Each structure stands twice: as C-alpha cells, then as structure tokens.
Amino acid sequence: EDAQLAENIHRKNLTQIEEALKIQRDLDRLGSVEAVLEKHQKSRPWLSKMLSLLNLPEQAKRLVNENVSADVEIITAVKTIEKHDPEKAKALVNDLKMTRGKENARDKVAAIKEEVKPSKKTKEPKQEKKPTVRKEQREQDTEPEPEGQSDEVGIFADAKPTGESLETVLADAYMNICENGINPQTVLESMNDMDKTNIEVWLRSFYDLGKQDTDTTRGVVKGFRSRQFSGAGNGALALVAYLHGAGKENSFSVLNILSDVRP
C-alpha cells in the first residue's frame, strides 16, 4: 500500500484528501500518533491539518476535487470562511479557480477570512451595570447566597483561558472533535506537551469547581450567567469539566472530558 501510494503521488497527482485517507488508515493500523509521525517524518500540526481534510464542507472540498489548490493553509482558511459565510466562501473558491496561478491566493483568502471574522464582544464597563435590578432580584430570593458566591460571576471569576494561544488550542480541539469528527484521543495526542499541560490545568480548574461546589444547579446557572459555560466551543468544554467534577465518582481525565463534549 505504501509503494502504491508513492507511485500514485508521482504518477497521478494524488489529492490531499486521498493522502489524508491513507494517513487515517496508517493511524488505525499503527495505533498511535507517534508511530504515524515517525513513519511520515512529519510534525503534529501537519497530522492534525491533514486529518481535518477528511471532513471538509462543500466549498473547501471543491478546492481539492477541482484542483484549485492543494495548500492545506488555504483549504483550512476557506473552511473557516465557509463556516461563517457560505456565500462568500463559494464566491472566493470561484475566484481562486479563475485566477489560479495568476494572483497570490493566500493573500486573497486571508483578506476574506478577516472580513468574515466575527467581532469580539466587548465587555460592559462595570459602571454601566444595573445594581438596582440585581438588588430587586436578591430581595425576591429569600435563600441567602453561600459564602464566597454572592457575586453573579462568583466562583467562576478566575477560571478563564489564560491567553489567546490557549483559547485557540481549545477552540481547535472542540472543532476537530465536534465538527470534523476526529477521535478525541487523536486530537489530544496531536498536541505538543505545552498545549496538553495548559489544557489540563484549565479544564482541571472547572473540574475542581464542580467537585467543591455543594449546589451543582446553582453553579451551572452561574457559569452560564458569567458566560464561562455555553452549548458549544470552549464554554462546552468548561461545562463538561465542571459536571465531571460534580459527579463525585469521576476521576479527572482530559480524554474523558474531550470525549463527552461530543454531540
């Protein structure tokens, strides 16, 4: 099979998707990411990007099937664009097909990616909050707040991603598992040691909160109010980690958390 793959690459210009399928078969057969990396003499980011090609949306797949581009960076960027704006992704792929070899494709894709990039929500200044509303709500609630949890954010104040790099790693992990359908163990093994450590520390902070909290229902509500929890993305990872901690019999495991975040 290896000899046939090498021959096909040279004789019939094997597509990136066909190469990715072969890599997935290698992973299934060899049983570990390290063995696949050693065999192909490639890096972990390369492996992650190649495997992500197995679950491409329509326009990103056209880049490969219509021989528009074999550049993994371009394919990945178009996939991101298509997620936010399918029509712009379609127009971009048509444009890339027409101008293939004549213009800088990476620059063109980067410009559209920046254009469709969702703007970050700005946090309201503290002085703009409405304490009168919160006061009324507290007066209606006859049950006193547990000590240390009187603020709406409460125990979740410090449990946040520590930087853009960690947020990106978390978002990529969620996307690869929930949208690309990649096995959680493969996603975890493809990370470098620093990313693994950062994710473990971050997820454990939520796990520990769940383990220490005596009122899981109130804790979940607080998590959603403080926007630490959500139904997708980093917030979903945080929620699963918290619930793992709340289930007192669960021991902490990054792999189990990544596995349980799947729909």
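Nothing here was measured: the structure is a model prediction, and the numbers come from that model. (Residues numbered from 1 in each chain as written. Predicted model: local features only at pLDDT ≥ 70, side-chain atom pairs only at ≥ 80, totals over all residues. Heavy atoms only, no water.)

## As for the packing of aromatic side chains
Then comes step 1: Scanning the entire structure with this criterion turns up five aromatic pairs.
Then comes step 2: Ring geometry for Y207 against F252: centres 5.3 Å apart, planes inclined by 70°, an arrangement best described as edge-to-face. Here F252 lies in the loop between α14 (233-246) and α15 (254-260) and Y207 lies in helix α12 (residues 193-212), a separation of 45 residues in the sequence.
Then comes step 3: With relative accessibility at 4%, the residue Y207 sits in the buried group.
Then comes step 4: When its relative accessible area of 16% is taken as the criterion, F252 is described as buried.
Then comes step 5: Consider the rings of F224 and F229, whose centres lie 6.0 Å apart with planes at 80°: the pair is edge-to-face.
Then comes step 6: Taking the relative accessible area as the measure of exposure, F224 reaches 40% and is therefore partly exposed. (Phe/Tyr/Trp six-rings, centres within 6.5 Å; stacked < 30°, edge-to-face > 60°. Helix = DSSP H or I, 4+ residues; strand = E, 2+ residues; numbered from the N terminus. Buried < 20%, exposed > 50% of the residue type's maximum accessible area, 1.4 Å probe, protein only.)

## Examining α14
Then comes step 1: Here α14 contains 14 residues, and its C-alpha end-to-end distance of 20 Å stays within 8% of the 20 Å for a straight helix at 1.5 Å per residue.
Then comes step 2: Along α14, 13 of the 14 residues are buried, which leaves the element largely enclosed by surrounding structure. (Expected span 1.5 Å × (residues − 1).)

## Overview of unusual backbone geometry
Then comes step 1: The phi angle at Q41 is positive, at roughly 55°, despite the residue not being glycine.
Then comes step 2: Residue position: Q41 is located in the loop between α3 (33-40) and α4 (44-52).

## Examining the packing of helix α13 (residues 216-225) against α14
Then comes step 1: Here α13 crosses α14 at 165°, and the two axes come no closer than 11 Å. As judged from the angle between their axes, α13 and α14 are roughly antiparallel. Two packed elements cross with a definite hand, and for α13 against α14 that hand is right-handed. Seen from α13, the contacting residues are T216, G219, V220 and F224; seen from α14, they are L239, Y242, L243 and A246.
Then comes step 2: Tallied by class, the residues present in the contact of α13 with α14 amount to six nonpolar, two polar and no charged. (Axes fitted to C-alpha atoms, helices over the stretch in contact; angles between N-to-C directions. Parallel < 35°, antiparallel > 145°, perpendicular 65-115°, else oblique. Left-handed = near helix turned anticlockwise from the far one by under 90°. Contact = heavy atoms within 4.5 Å. Nonpolar A, V, L, I, M, F, W, Y, C, P; charged D, E, K, R; others polar.)

## Description of the pattern of salt bridges
Where charged atoms from two side chains of opposite charge approach closely, those side chains can pair.
Then comes step 1: On inspection of all chains with the given rule, the structure shows nine salt bridges.
Then comes step 2: Here K97 ties to E66 by a salt bridge, and the two come within 2.8 Å at their closest N and O atoms. Remark: E66 occurs in the loop between α5 (58-65) and α6 (72-84) and K97 occurs in helix α7 (residues 86-98); sequence separation between them is 31 residues.
Then comes step 3: Classification of E66 as partly exposed rests on a relative accessible area of 29%. (Salt bridge = Lys/Arg side-chain N within 4 Å of Asp/Glu carboxyl O.)

## A closer look at the packing of α6 against helix α8 (residues 105-116)
Then comes step 1: Relative to each other, α6 and α8 sit at 25°, their axes nearing to 9 Å. One way to sum up the angle between α6 and α8 is to call them roughly parallel. Handedness of the α6/α8 crossing: left-handed. On the side of α6, the interface is formed by E73, I74, A77, V78, T80, I81 and H84, while α8 contributes A105, R106, V109, I112, K113 and V116.

## Details of the environment of P118
Then comes step 1: Here P118 is to be found in the loop between α8 and α9 (131-140).
Then comes step 2: Of the residues examined, P118 reaches a relative accessible area of 48% and is grouped as partly exposed.
Then comes step 3: Sequence-wise, P118 and H84 are 34 residues apart; in three dimensions their C-alpha atoms are separated by 8.0 Å.

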